[in-house]
Amino acid sequence: MHLEFYSDGFPPANFASDLGCKAVVQLTEDSSTLHLLLQFMHKRHGYPDLTNVPFDTLLKLSEAAVKYQVYGAIESCKQPLTRSAKGNISDSNSFELLVFTVKHGYTDLANEAAPLTLGRYPVHKAVQQYLNMPDLIVPWVRYHASYESIALWIIVNDQPDFGGLHKGGISNCNAWSSFYSHVKEEFRSNHMQSVLKFEDICRSGERLLNGCSGTQCRNRMNRWIFKVSDKVQDIPEFSKIMKYNDVDA
């Protein structure tokens, strides 16, 4: 009875008896996934706490919830799934989350998932693996390329002349050189993710600018941050790029 009342993916309780069915139906989900899913089908009990559930388990639960149309589980999984991905993301998890959100039309979650894939999943690998999902891979390649162009701009404009000259007409001082070395080192580990964290990277090295005799270097940093932020804000959300792709098609 619980299955009938709390989901739309299972037949009514009298369905099997009316047809005289006695066969045991084998479900494809593993026991831990089904155990969690069934906890969303009890009227007297609250929904389970998903806060510390691992990402892989949450993703399996989310897929099962959609498959069997257990709406309480569907809604309960959305935010924990995203939080889990952000807190303990891997190269494969990031794209699995994006695939899940696109497949089921969760545009808000797709916008949160897309940035997690940047620099973590090689473009050629994504294209090969998801070539059969053009609604996903075409807009993702465009989205990735937009951030790649900003990363390249930062690399090419490695010491932007935005701060004005120091006393005596000097453009660079030792403080800026130390600061830039810090940014470059932080940027090297994952330049795509560093685009998203560019201000944080700069702020973490701002103390190195204390050696500047004036305000030129700090002004230069702030303008650099503003320029990068401006470029990032010009990139549409992933869901909007998907809509553009539908129009182009």
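Keep in mind that what you see is a predicted model, and the values were worked out from it rather than measured.

## Quick notes on helix α10 (residues 174-189)
Next, step 1: Relative to the 22 Å expected for 16 residues at 1.5 Å per residue, α10 spans 24 Å between its end C-alpha atoms, a close match to the ideal helical length.
Next, step 2: Listed as buried for α10 are A175, W176, F179, Y180, H182, V183 and F187. Projection of α10 onto a plane perpendicular to its axis shows the buried side chains occupying an angular sector of 155°, all on one side. Turned more than 90 degrees away from the buried face of α10, the exposed residues are N174, R188 and S189.
Next, step 3: The elements touched by buried residues of α10 are α9 (134-156), α11 (191-196), α12 (198-204) and α13 (216-233).

## Digging into empty space enclosed by the protein
Next, step 1: Applying the stated rule across the entire model yields one cavity of 30 Å³ or more.
Next, step 2: The calculated volume of the largest cavity comes to roughly 50 Å³.
Next, step 3: Surrounding the largest cavity, S62, V66, A73, I74, C77, K78, L81, F100, Y106 and L109 form its lining.
Next, step 4: By residue number, the principal contributor to the lining of the largest cavity is helix α5 (residues 71-87), which donates five residues.
Next, step 5: Here the residues of the lining of the largest cavity sort into eight nonpolar, one polar and one charged.

## Regarding the pattern of salt bridges
Next, step 1: If you walk through the whole model with that rule in mind, you get seven salt bridges.
Next, step 2: In this structure, K60 and D30 form a salt bridge, with 3.3 Å as the shortest nitrogen-oxygen distance. Placement of the pair is K60 in helix α4 (residues 55-67) and D30 in the loop between α2 (14-19) and α3 (31-38), with a sequence separation of 30 residues.
Next, step 3: Salt-bridge contacts for E199 lead to R203; the nearest nitrogen and oxygen are separated by 3.4 Å. Here the residue E199 and the residue R203 both occupy positions in helix α12, the gap between them amounting to four residues, near one helical turn.
Next, step 4: Its relative accessible area of 40% is what places E199 among the partly exposed residues.
Next, step 5: Each of E199, R203, E206 and R218 takes part in salt bridges that share partners, so that together they form one network.

## Comments concerning the packing of aromatic side chains
Next, step 1: With the rule as written, the count across this model stands at eleven aromatic pairs.
Next, step 2: With centroids separated by 5.0 Å and ring planes inclined at 50°, the aromatic side chains of W176 and F179 adopt a geometry described as tilted. Taken as a pair, W176 and F179 lie in helix α10 at a separation of three residues, close to a single helical turn.
Next, step 3: Ring geometry for Y180 versus W224: centroids 6.4 Å apart, planes at 35°, classification tilted. Of this pair, Y180 sits in helix α10 while W224 sits in helix α13, placing them 44 residues apart in sequence.
Next, step 4: Its relative accessible area of 0% is what places W224 among the buried residues.
Next, step 5: What links up through ring pairs into an aromatic cluster is the set W176, F179, Y180, F198 and W224.
Next, step 6: If you follow K78 out to its NZ or CZ, it ends over the ring of Y106, 4.4 Å from the centre.
Next, step 7: Over the aromatic face of W176 sits the side chain of R220, whose NZ or CZ is 4.3 Å from the ring centroid.

Cut-offs and rules
- Residues numbered from 1 in each chain as written.
- Predicted model: local features only at pLDDT ≥ 70, side-chain atom pairs only at ≥ 80, totals over all residues.
- Heavy atoms only, no water.
- Helix = DSSP H or I, 4+ residues; strand = E, 2+ residues; numbered from the N terminus.
- Expected span 1.5 Å × (residues − 1).
- Buried < 20%, exposed > 50% of the residue type's maximum accessible area, 1.4 Å probe, protein only.
- Arc of directions from axis to C-beta.
- Contact = heavy atoms within 4.5 Å.
- 1 Å grid on protein atoms, 1.4 Å probe; cavity = no way out; pocket = protein on both sides within 12 Å on 5 of 7 lines; lining within 4 Å.
- Points joined across faces, edges and corners; volume = space filled by probe spheres on them.
- Nonpolar A, V, L, I, M, F, W, Y, C, P; charged D, E, K, R; others polar.
- Salt bridge = Lys/Arg side-chain N within 4 Å of Asp/Glu carboxyl O.
- Phe/Tyr/Trp six-rings, centres within 6.5 Å; stacked < 30°, edge-to-face > 60°.
- Lys NZ or Arg CZ within 6 Å of the ring centre and 35° of its normal.

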